[in-house]
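Analysis of the macromolecular model
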Amino acid sequence: ILKANPAFVPPNTEYKEVFGAGLMQKRNDSKITKECLSNVVTKNKEITDDAARDLIVATIAAKYTQSNTVVYAMNGQVVGVGAGQQSRVHCAILAGGKVKTWFCRQMPKVLGLKFKAEVKRQERVNAKVRYIEGGMTQ
């Protein structure tokens, strides 16, 4: 069992040493709220509450992943993340593929797949993903 100190306050500056080189930066303690969406730079300045919620969820997810991150959110949940690739384009392709798989998992044909009672939940999820992505063998 892990026990955290509720009074702990991390330092404002983070420091890491990588291969003998020291890296220092201000800790990212910014709060992601609806106020972060106040500077809309598109022609249509209106953001619906649903869109704002999804933007906030996606931004929070992106904040805690590697650089070059693309996040898709829908209905208050993250449905695809692509991160850590050399190119943002590849991140978008990776995240888009995960969104496609997520949508396909909601299809009646996939939801209707039958499994034996002893097949565990994660094995069912993995089998559905393989079925969607064409990874099933005879």
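Residues numbered from 1 in each chain as written. Predicted model: local features only at pLDDT ≥ 70, side-chain atom pairs only at ≥ 80, totals over all residues. Heavy atoms only, no water.

1. A short note on the pairing of strand 1 (residues 13-18)
To be explicit about the condition: Note on exposure labels: buried denotes an accessible area under 20% of the residue type's maximum, exposed denotes more than 50%, and partly exposed covers the range between, all computed with a 1.4 Å probe on protein chains only. A run of H or I in DSSP becomes a helix once it reaches four residues, and a run of E becomes a strand once it reaches two; helices and strands are each numbered from the N terminus. Should DSSP find at least two bridges between two strands, the strands are regarded as paired.
For strand 1, the tally of buried residues reaches only zero of six residues, placing the bulk of the element at the surface. Pairing geometry for strand 1 and strand 2 (residues 21-26), over six bridges, is antiparallel. Its bridge partner lying in strand 2, Thr 13 is registered against Lys 26. Taken together, strand 1 and the strand that follows it, strand 2, pair antiparallel across an intervening segment of two residues, in which Phe 19 is found at a positive phi of about 50 degrees.

2. Notes on the pattern of salt bridges
Operational definition: When a carboxyl oxygen of Asp or Glu is within 4 Å of a side-chain nitrogen of Lys or Arg, the pair counts as a salt bridge.
Tallying each qualifying case throughout the model produces four salt bridges. For Asp 29, the salt bridge goes to Lys 26, with nearest N and O atoms at 3.0 Å. Using a relative accessible area of 58% as the deciding quantity, one classes Lys 26 as exposed. Salt-bridge contacts for Arg 53 lead to Asp 54; the nearest nitrogen and oxygen are separated by 3.1 Å. For Asp 54, a relative accessible area of 14% gives the class buried. The structure contains a network of salt bridges with shared partners spanning Asp 50, Arg 53 and Asp 54.

3. Focus: a nonpolar patch on the surface
Using the following cut-off: Exposure above 30% relative accessible area and the lack of any salt bridge qualify a residue for a patch; like charges then connect within 9 Å, and the nonpolar side chains Val, Leu, Ile, Met, Phe, Trp and Tyr within 5 Å. A 1.4 Å probe and the Shrake-Rupley method give the accessible areas. Residues count as covered only by the protein chains that appear here.
Taken together, the side chains of Val 18, Phe 19 and Leu 23 define a hydrophobic patch exposed on the protein surface, amounting to about 370 Å² of accessible area. Residue placement: Leu 23 occurs in strand 2. The exposure class assigned to Leu 23 is partly exposed, which follows from its relative accessible area of 49%.

4. Points about the environment of Glu 46
The topology assignment puts Glu 46 in the loop between strand 2 and helix 1 (49-63). Taking the C-alpha atoms as reference, Glu 46 lies 14 Å from Glu 35; in sequence the two are 11 residues apart.

5. Points about the packing of helix 2 (residues 88-105) against helix 4 (residues 121-133)
For clarity, the cut-off: Lines fitted to C-alpha atoms define the axes here, with helix axes fitted over just the stretch in contact, and angles between the N-to-C directions of these axes take values from 0 to 180 degrees. Angles below 35 degrees are treated as roughly parallel, those above 145 as roughly antiparallel, those between 65 and 115 as roughly perpendicular, and all remaining angles as oblique. For this analysis, residues touch if any pair of their heavy atoms sits within 4.5 Å. Any residue outside Ala, Val, Leu, Ile, Met, Phe, Trp, Tyr, Cys, Pro, Asp, Glu, Lys and Arg is labelled polar, Gly included; the first ten of those are nonpolar and the last four are charged.
Viewed as axis vectors pointing N to C, helix 2 and helix 4 meet at an angle of 110 degrees, and their least axial separation amounts to 10 Å. With respect to helix 4, the element helix 2 is oriented roughly perpendicular. Where helix 2 abuts helix 4, its residues Thr 101, Cys 104 and Arg 105 lie against Val 125, Val 129, Ile 132 and Glu 133. Its residues assigned to classes, the contact of helix 2 with helix 4 shows four nonpolar, one polar and two charged.

6. Considering the packing of aromatic side chains
Note the threshold: Centre distance within 6.5 Å is the pairing criterion for rings of Phe, Tyr and Trp, where only the six-membered ring of Trp is used; planes under 30 degrees apart are then read as stacked, over 60 as edge-to-face, and the remainder as tilted.
Scanning all chains against the criterion turns up one aromatic pair. For the ring pair Trp 102 and Phe 103, a centre distance of 5.1 Å and an interplane angle of 80 degrees mean the geometry is edge-to-face. On the basis of relative accessibility, which here comes to 18%, the residue Trp 102 falls in the buried class.

7. Some words on the side chain of Asn 68
As a reminder of what qualifies: Polar contacts here mean pairs of N or O atoms no more than 3.5 Å apart (in protein, one a potential hydrogen donor and the other a potential acceptor; neighbouring residues in sequence count only if both atoms are side-chain atoms).
Examined against the element boundaries, Asn 68 turns out to sit in the loop between helix 1 and strand 3 (70-74). In this structure the side chain of Asn 68 is engaged in a polar contact, spanning 3.4 Å, whose partner is the backbone oxygen of Gln 86.

8. Comments concerning helix 2
Just so we agree on the cut-off: Here a helix's expected span is defined as the number of its residues, less one, multiplied by 1.5 Å. It is the directions from the helix axis to the C-beta atoms whose arc is reported.
End to end, helix 2 covers 26 Å across 18 residues, agreeing with the expected 26 Å (1.5 Å per residue, within 8%). Of the residues making up helix 2, those classed as buried are Cys 91, Ala 95, Val 99, Thr 101 and Trp 102. On an axial view of helix 2, the arc spanned by its buried residues comes to 160 degrees, and they lie on one face. Exposed and facing more than 90 degrees away from the buried side of helix 2 are Val 89, Ile 93 and Lys 100. Where helix 2 is buried, its residues contact strand 3, strand 4 (77-82) and helix 4.

Distances and angles like these do not, on their own, reveal function.
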